[in-house]
Each structure stands twice: as structure tokens, then as C-alpha cells.
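This is what each chain is made of:
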Amino acid sequence: MTEVTRLFDFPYYQLENKPNASALVTKYNGKWTPTSTQEYINKANAVSRALLRLGVNKNDKIAVISTTNRTEWNIMDIGILQVGAQNIPIYPTISAEDYEYVLNHSESIYCFVSDVEVLEKVKKVKAKTKIKEIYSFNHIEGCKHYSELFELGKDESNQPEVESRKDAVKPSDLATIIYTSGTTGKPKGVMLSHWNITSNALDSSPRVPLIKGENRILSFLPICHIFERVLIYVYQYAGTSIYFAESIDKIGDNAKEIKPNLMSVVPRLLEKVFDKIMLKGEELTGIKKGLFFWAVKLGEKWKPYGANGAWYEFQLKIANKLIFNKWREALGGELGTMVSGSAALQPRLTRIFGAAKMQIMEGYGLTETSPVVSVGMYKDKLFKVGAVGKPIRNVEVKIAEDGEILIKGPNVMMGYYKDPEKTASVMSGDYFHTGDKGEIDQDGFLKITGRKKEMFKTSGGKYVIPPLLENDMKQSLFIEQIMVIGEGEKMPAAIIQPNFDFIRDWIDHKQNGVGKSNEDIANSEIVINRIQKEIDKYNKHFGKWEQIKRFELTPNIWSIDGGHLTPTMKMKRDVIKGIYQDLYDKIYR
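Residues numbered from 1 in each chain as written. Predicted model: local features only at pLDDT ≥ 70, side-chain atom pairs only at ≥ 80, totals over all residues. Heavy atoms only, no water.

**Student:** How should the overall build of the protein be read in this particular structure?
**Tutor:** When you go through the protein residue by residue, the secondary structure sums to 21 helices and 27 strands. Relative to the 2.2 N^0.38 estimate, which gives 25 Å for 589 residues, the radius of gyration of the protein is 25 Å and therefore close to what a compact globule would have. In terms of overall dimensions, the protein has a C-alpha envelope of 75 × 55 × 50 Å along the principal axes. Looking at the 589 residues of the protein, the share that counts as buried comes to 58%. Sequence separation of 24 or more characterises 67% of the internal contacts of the protein that already satisfy a separation of 6 or more. For the protein, the exposed area adds up to about 24,600 Å²; of that, 51% sits on carbon and sulfur atoms. In the protein, 81 positive and 73 negative side-chain charges are present, and the distance between their average locations comes to 4 Å. (Helix = DSSP H or I, 4+ residues; strand = E, 2+ residues; numbered from the N terminus. Rg over C-alpha atoms; globule rule 2.2 N^0.38 Å. Buried < 20%, exposed > 50% of the residue type's maximum accessible area, 1.4 Å probe, protein only. Contact = heavy atoms within 4.5 Å. Areas by Shrake-Rupley, 256 points an atom, 1.4 Å probe, with all protein chains shown as cover. Lys, Arg positive; Asp, Glu negative; His and termini not counted. Charge placed at Lys NZ, Arg CZ, Asp CG, Glu CD.)

Written out as C-alpha cells, the structure is:
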């Protein structure tokens with residue numbers, strides 16, 4: 001029996017316990033194409049044999065950059081790790097300069113890319129790196145195709161050498177360096193061992209509601225990020241079929257085609273899905289519109305485990321039959337669970353999707369903790385709205401005197417690559433300092449209360465925790481993004497990106513004479529006054545000293561490409577402040 005102690009043990013474990021004819025499924029030329037567990041392993045072994053023939057040694061670094069998740073990524077992952085080399089995943093959306101930094105800092109010698117766009121960025125900087133050759137997953141003229149490795153690895157005469165390389169890999173060996181997108185400065189290279197990630201996948205598995213070999217998963221969050229990557233290993237361990245979405249824009253279409261039972265999400269995506277649903281609701285008329293908003297209002301009051309009593313559950317049954325079943329159909333009709341991570345989730349969304357029988361299990365973790373620290377689970381009463389579940393087994397959570405969350409366990413990173421000083425600055429003995437603040441309630445549930453660095457003091461000496469305000473305000477359909485500012489200033493204020501799509505629809509229904517371009521909307525007195533009403537409504541939830549006193553609207557959409565957001569959709573606060581320095585000055589000067 002394969003004992004799973006290293007990352008490449010997962011597919012072999014699957015082959016022995018739950019071999020799957022559709023282990024990994026990617027859409028090529030409009031057709032879902034399955035790869036079986038056996039084929040997955042055969043191709044990974046061919047890649048390993050080819051890498052040996054290319055002279056890849058133990059601890060060499062190989063970069064993999066893919067715009068979407070796909071079968072090839074996983075084959076390369078196993079093929080690289082089996083020979084004792086390290087897989088260096090890189091976010092596709094970062095700049096060519098950041099590619100150069102990561103490729104050089106990691107000393108990568110080969111690079112695998114998904115498409116022309118990524119290839120062009122790598123080619124720009126290749127001469128300034130140690131990259132010997134670039135291979136592509138797509139067929140691109142003038143670039144070697146990754147299938148050349150299967151040709152090179154066809155001759156199995158060096159398979160015994162692959163086996164001896166595999167045997168030499170210890171669970172404590174370095175498996176990957178993940179460069180965190182970081183909201184400030186150059187990316188940090190987080191070193192994770194085989195056991196860091198493997199133990200985290202094994203210890204998280206009991207929290208994921210999977211029936212071995214019988215589930216369909218839709219995967220679309222970037223696999224280069226540790227959150228999705230560890231889940232991919234969890235899914236492989238359970239023997240499920242993993243379908244890779246074509247793109248973030250096609251999630252709805254892909255979900256209808258494959259009818260997933262489970263997928264992972266980030267709050268930003270759920271907010272967008274919910275906004276679209278609400279826009280459709282606004283377009284309804286008469287009794288249909290009344291029923292729609294009755295169901296939403298009912299959903300906002302949802303509590304798990306039937307805590308609202310029989311009359312509420314009876315009404316909910318009707319709401320599910322008339323309204324919420326259409327929401328489920330839009331996502332394939334069989335989606336029972338979504339796992340949410342990377343940022344705080346609005347409790348309102350947890351309630352509404354929970355009422356609609358698409359439960360959101362919120363989790364908490366960091367790249368440095370491989371990543372899962374805690375996660376909710378509906379069964380065994382391990383779920384609570386507004387909490388990120390209870391810590392998983394073998395992971396210890398301690399709250400420091402100043403409220404900071406400290407983590408100890410086999411999932412805590414080996415350290416930052418080539419940066420012992422930075423590593424020492426975040427460790428106290430075996431405890432990793434997360435930089436997040438939190439509390440553990442009387443039932444043992446972990447709650448995140450803010451980010452140590454994001455908390456600030458006004459000039460009056462009062463503390464303000466921006467994420468608490470931002471999360472509340474983002475419940476407004478008029479607000480797409482909001483960043484609370486005011487460190488060292490006399491009052492908190494906000495820079496807001498309006499929800500342009502919703503406001504355009506609102507203008508159609510409610511207002512004449514308001515222009516519909518982003519510029520028109522951001523400068524419209526009518527829109528500004530309407531958003532002021534929203535701010536006033538949510539301000540009531542906070543103390544006088546932390547309420548938003550002024551705000552300014554931005555005419556552009558905050559995006560990863562625009563530099564406003566990290567690849568995991570977190571706000572780059574310093575960058576946003578820099579981009580809108582004029583608005584900041586308008587508020588305070």
C-alpha cells in the first residue's frame with residue numbers, strides 16, 4: 001500500500017484505492033477530455049525520464065506558468081517532484097519584471113508556459129535568467145511543445161533511475177517555492193516541504209464532504225496558489241474527478257455542463273455571482289419580483305441546523321422550490337458545497353447561499369501554513385456563520401496577548417527562500433506569526449477580526465479596523481470595491497469603486513439624465529447622493545469614531561491587470577492609495 005508522505009504519492013494512492021477513468025478533465029477544442037489515473041502516472045513518469053535526460057538534478061528548479069488550470073500542470077507537477085527537483089509555480093498575471101525577479105531568485109533552469117501571452121512575457125526576460133529552454137502546453141509556432149518530453153521519455157530504460165530518485169526524496173525535502181503576490185514590495189519565496197503540504201492535505205481531508213470517487217469538482221482558482229493546489233491533492237486522495245474550468249468567465253457555462261458537487265471560491269467571486277443574481281431579480285416585475293425579494297430576505301435570516309424553527313423551515317422549503325432552485329440550476333443543479341478562502345466573507349452571503357442549499361464552508365490559512373489552519377464543515381456541528389471553522393487536526397492555534405493569531409504544526413513553512421532574517425522575524429520558536437488578529441469563541445470556533453498591519457489609528461488616537469467596515473459596506477449593491485483610509489488623519493474616509501453594471505441598470509429603472517459611462521457615474525451627483533445613503537445605512541453598525549465621514553468614487557474598475565488587486569483578489573492598499581492620491585488629497589487636504 002502506498003503511504004502518502006510526499007506529494008507525488010497522491011496519484012499512486014489513487015491508483016491503488018480508487019482508480020478513476022476521469023481523474024483529470026480539461027476541455028480541448030470544445031470537448032471535455034479525460035485523463036485516467038493510470039495515464040496521469042504514465043505521463044508523469046515519461047516527464048521524469050525526459051527531465052533526467054535533460055540533465056535535471058536533485059534540487060533544480062523548474063518554473064510552471066499557466067493562465068488556466070489544466071491537466072498538463074498536474075502531470076508536470078508530479079514529473080518534476082519525482083526526480084527530487086522543485087516546482088516553481090508563477091502567477092501568470094504578474095509583470096514581465098516580476099517574472100524576471102522570480103525566475104532569477106529561484107534560479108529556475110526550465111520554464112513551462114501555457115500560451116502565447118505568457119510565452120511573450122518570459123521571452124522578454126529569458127536572456128537575463130538561467131532558463132535553458134521554454135516549453136509550451138499549447139501548440140505555438142517557434143516554441144517547443146511539452147509533448148516533446150513524452151517523446152524524449154518514451155524509452156523506459158532509465159525508469160529505474162526515476163525510481164531511485166523517488167526513493168531518495170524525503171518528506172522533509174523542499175517541494176516547491178511559492179512566491180506570494182504580496183500587497184507590498186517584491187514577492188517573498190515561501191519554501192514548503194513535501195510534508196508541509198501533504199500533511200495539510202491529509203489533515204484537511206476529513207473536513208471536505210467528498211464521497212470517494214463519486215464527486216465532480218470544478219477547479220478554477222489559480223493552481224499556482226497554495227489554496228487550490230492543496231485542494232487538488234485532497235481531491236486526488238479522495239479519487240474524485242477534477243474538471244478544470246476554461247476560464248473564470250465561463251464558470252457558469254462549465255458548471256451547467258459538468259454539474260459539479262463542490263468547488264472552491266474566493267469571496268470576490270461570490271459577491272460577483274450574487275450581484276448578477278440580484279440584477280436579474282431587479283429586472284423581474286409584479287409577483288415574480290415580490291417572491292424573489294421575499295426569498296432573499298428569508299435567506300438573510302438563515303441559521304444552520306434548523307435553529308430558526310419549523311415555521312421558518314417551512315417557508316424556506318417554498319423559497320427553495322420557487323426561487324433558489326433556479327440559482328442552483330445556474331450552477332449545474334448539484335452544487336452542495338463551496339469552500340471559501342483567501343479573504344473574509346460577508347456573513348450575509350454565507351446565510352443566503354446556505355438557505356439556497358449551496359453551503360459555503362469558510363476556511364482560514366496562509367501560504368506560509370500550506371495553507372489550511374481551520375475550516376468549517378456542516379456535519380458534526382462544525383459550522384458557524386461568521387467563523388472560519390475550528391482548527392484542523394495536528395494544527396495548533398494560539399492567540400497572542402495583542403490578539404495576533406499564532407500557528408504551530410507540520411504545515412508551517414520551512415522559511416522564506418534566501419531570507420533567514422525575514423523568516424526569523426515571523427517565528428517565535430515553533431509558532432508562526434500570521435499578522436492576522438482573531439479570537440477563539442467558547443465553542444472553539446476561530447474568528448478573524450482584522451489584519452494587524454491594516455489596523456490604523458486616527459489622529460485622535462482611535463483604532464479603526466478597515467476590513468470590518470469594508471466587508472459590511474460591500475453588502476451594498478451600489479459598491480463593488482471599497483478601501484477605508486485615514487491613518488493619522490482626523491477621520492476615516494473611503495475610496496470606492498462603484499458597481500457600474502448595477503448602477504447602469506438602476507439608471508435605466510429609476511433615473512433619467514444620468515450618463516452611463518464609468519466617468520459619468522463616478523461624477524454624478526445623483527449617484528454620489530445615492531451611495532451616501534448606503535454609507536449612512538452601514539455606518540450605523542459602527543462607533544462614531546470609525547464611521548466613514550467622506551468618500552470619493554473612482555471611474556475605473558479595480559483589477560489585477562490594473563495593479564489594484566493581487567492575483568488572489570486582495571486589495572493592494574498602498575498601490576490604490578498611490579493611484580488615487582488626488583482623491584485622497586481631495587478628502588483630507
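**Student:** Sorry if this is basic, but what is going on with the sheet that holds strand S2 (residues 31-35) here?
**Tutor:** With mixed pairing, the nine strands of this open sheet are ordered in space as S2-S1-S11-S10-S12-S13-S14-S15-S16. Two strands lie at the open edges of the sheet, namely S2 and strand S16 (390-391), each paired on one side alone. Judged from the three bridges that link them, strand S14 (residues 359-365) and strand S15 (residues 372-375) form a sheet pairing that is antiparallel. Its bridge partner being in S15, Tyr 364 is matched across the sheet by Ser 374. In the packing of helix H11 (residues 267-283) onto the sheet, contacts are made with strand S12 (262-265), strand S13 (337-340) and S14, and the angle to S12 comes to roughly 105 degrees. (Pairing = 2+ DSSP bridges. Axes fitted to C-alpha atoms, helices over the stretch in contact; angles between N-to-C directions.)

**Student:** Is there a simple way to explain the pairing of strand S21 (residues 431-440) in this structure?
**Tutor:** On a regular strand, each side chain points to the face opposite its neighbour's, so the side chains alternate between the two faces of the sheet. Judged by how many residues are buried, S21 sits mostly within the fold: seven of ten residues are covered. Examined bridge by bridge, strand S18 (residues 404-408) and S21 share three bridges and lie antiparallel to one another. Pairing of Ile 407 across the sheet is with Phe 432, part of S21. The pairing of strand S20 (residues 427-428) with S21 spans two bridges and is classified as antiparallel. Opposite Ser 428, over in S21, you have Tyr 431 as the bridge partner. The hairpin formed by S20 and S21 contains two residues between the paired strands, and Gly 429 there has a positive phi angle of roughly 60 degrees. Two successive antiparallel strands, S21 and strand S22 (residues 446-451), enclose a turn made up of five residues, where Gly 444 displays a positive phi of approximately 90 degrees.

**Student:** For this particular structure, what's the right way to read the packing of aromatic side chains?
**Tutor:** Here a ring pair, both rings aromatic, is described through the centre-centre distance and the interplanar angle of the planes. Scanning the model with the defined rule gives 21 aromatic pairs in all. Here a set of aromatic residues connected by ring pairs shows up, and it is made of Phe 274, Phe 292, Phe 293, Phe 324, Trp 327 and Phe 353. The ring of Tyr 305 has Lys 381 sitting right over it, with the charged end atom 5.1 Å from the ring centre. The ring centre of Tyr 584 lies 4.5 Å from the NZ or CZ of Lys 577, which sits over that ring. (Phe/Tyr/Trp six-rings, centres within 6.5 Å; stacked < 30°, edge-to-face > 60°. Lys NZ or Arg CZ within 6 Å of the ring centre and 35° of its normal.)

**Student:** Which parts of the structure should I look at to understand the pattern of salt bridges?
**Tutor:** Here the idea is simple: oppositely charged side chains can pair when their charged atoms come close. Enumeration over the complete set of coordinates arrives at 34 salt bridges. Residue Glu 552 is joined to Arg 550 by a salt bridge in which the shortest nitrogen-to-oxygen separation is 3.8 Å. The class of Arg 550 is partly exposed, set by a relative accessible area of 33%. Salt bridges here are not isolated pairs; linked through shared partners, they connect Arg 268, Glu 271, Lys 272, Lys 474 and Glu 480. (Salt bridge = Lys/Arg side-chain N within 4 Å of Asp/Glu carboxyl O.)

**Student:** What is the right way to look at the side chain of Glu 489 in this model?
**Tutor:** By the element assignment, Glu 489 lies in the loop between strand S25 (479-485) and strand S26 (493-498). Since its relative accessible area comes to 11%, Glu 489 is described here as buried. Sequence-distant contacts of Glu 489, that is, excluding residues within four places in its chain, are made with Thr 458, Ser 459, Tyr 584, Tyr 588 and Arg 589.

**Student:** I would appreciate a short explanation of a nonpolar patch on the surface in the present structure.
**Tutor:** A grouping of Ile 287, Leu 291, Trp 311, Phe 314, Ile 318 and Leu 322 is seen on the molecular surface, where their side chains present a nonpolar patch of about 620 Å² in accessible area. Of all elements in the fold, only helix H12 (286-300) and helix H13 (310-330) reach the threshold of two or more residues within the nonpolar patch. Sort the elements by how many residues they give to the nonpolar patch and H13 lands first, with four residues. Among the secondary structure elements, Leu 322 is positioned in helix H13. With a relative accessible area of 37%, Leu 322 lands in the partly exposed category. (Patch = residues over 30% accessible without salt bridge, like charges linked within 9 Å, V, L, I, M, F, W, Y side chains within 5 Å.)

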